[in-house]
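# Structure assessment
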Amino acid sequence: QVRLVESGGAVVQAGKSLRLSCVGCGHTFSSLFVAWFGQAPGKEREFLTDINWNGDSTYYVDSVKGRFTISRDNAKNTVDLQMDSLKPEDTAIYYCATTWSGVRSMGAHLYDYWGQGTQVTVSS
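Since we're looking at a predicted model, the values are computed, not measured. (Residues numbered from 1 in each chain as written. Predicted model: local features only at pLDDT ≥ 70, side-chain atom pairs only at ≥ 80, totals over all residues. Heavy atoms only, no water.)

### What about the state of the cysteines?
As a reminder of what qualifies: When the sulfur atoms of two cysteines come within 2.5 Å, that pair is taken as a disulfide. Runs of E in the DSSP output that reach at least two residues are strands. Runs of H or I that reach at least four are helices, and both are numbered from the N terminus. The rule is simple: take the accessible area with a 1.4 Å probe, protein chains only, and divide by the maximum for that residue type; under 20% is buried, over 50% is exposed, in between is partly exposed.
Overall, the coordinates contain 1 disulfide when judged by the stated rule. The disulfide that involves Cys 22 links it to Cys 96, with 2.1 Å between the sulfurs. Classification of the bridge connecting Cys 22 and Cys 96 rests on its S-S torsion, roughly 65 degrees, and on that basis the disulfide is right-handed. One end of the pair, Cys 22, is in strand β3 (residues 18-25); the other, Cys 96, is in strand β9 (residues 92-99), and 74 residues separate them in sequence. For Cys 22, a relative accessible area of 0% puts it in the buried group. Classification of Cys 96 by relative accessible area gives buried; the value is 0%.

Take a look at the structure:
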């Protein structure tokens with residue numbers, strides 16, 4: 001069992017930065033892939049980025065590549081998402097999620113545990 005709790009969501013102006021944090025509770029968290037998804041109003045949950053168990057492999061979708069950075073600290077059981085150069089289209093609820101699969105997975109249905117989400121609103 002893994003419990004995830006996100007924090008850091010806020011209302012910010014376009015061009016600004018925000019840092020989200022995901023804390024994982026459970027002794028296996030440090031061994032799992034962790035991903036961040038975004039769900040914009042009226043849209044499906046979308047994979048944005050993930051990081052492998054030790055942080056030496058990351059992946060970003062094109063829409064956030066170069067602007068978002070995922071990182072993890074296994075000593076603190078945290079996975080952070082640094083979001084720079086924010087755009088109004090980044091407005092969404094952001095979720096962290098983990099999967100037991102042990103491989104990179106982009107489909108939301110492949111993830112086993114989810115946090116409650118944190119709202120990010122970017123104003124123009």
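Having seen the model, we can carry on.
### Considerations on the side chain of Gln 82
Our working rule: Polar contact criterion, stated in full: a pair of N or O atoms within 3.5 Å, where within protein one must be able to donate a hydrogen and the other to accept it, and residues adjacent in sequence count only if both atoms are side-chain atoms. Any two residues having at least one pair of non-hydrogen atoms within 4.5 Å are treated as being in contact.
Of note, Gln 82 is situated in strand β8 (residues 78-83). A polar contact is formed between the side chain of Gln 82 and the side chain of Asp 84, at a distance of 2.8 Å. Not counting chain neighbours up to four residues away, the residues in contact with Gln 82 comprise Ser 17, Leu 18, Arg 19, Arg 67, Phe 68 and Thr 69.

### As for the pairing of strand β4 (residues 33-39)
So the rule is basically this: If DSSP finds at least two bridges between two strands, the strands pair.
Here β4 lies mainly inside the structure; 6 of its 7 residues are buried. Bridge count between β4 and strand β5 (residues 46-51): 5 bridges; the pairing is antiparallel. Following the sheet pairing, Ala 35 is matched in β5 by Asp 50. As consecutive antiparallel partners, β4 and β5 are separated by 6 residues, and within that stretch Gly 42 has a phi angle of approximately 75 degrees, a positive value.

### So, the sheet that holds strand β1 (residues 3-7)
Strand pairing within a sheet occurs via backbone hydrogen bonds; the two strands may be parallel or antiparallel. The criterion, for reference: Axis lines are fitted to C-alpha atoms, over the contacting stretch for helices. Their N-to-C directions set the angle, which ranges from 0 to 180 degrees.
Read across the open sheet, the 4 strands follow the order β1-β3-β8-β7; overall the sheet is antiparallel. In this open sheet, the two edge strands, each paired with only one partner strand, are β1 and β7 (68-73). Each strand of the sheet is rotated relative to its neighbour by a mean of 15 degrees, with strand direction disregarded. Bridge analysis of β1 against β3 gives 5 bridges, and the strand direction is antiparallel. When the sheet's bridge partners are listed, Glu 6 is paired in β3 with Cys 22.

Note that every value here comes from positions in space, so none of it alone points to a role or purpose.
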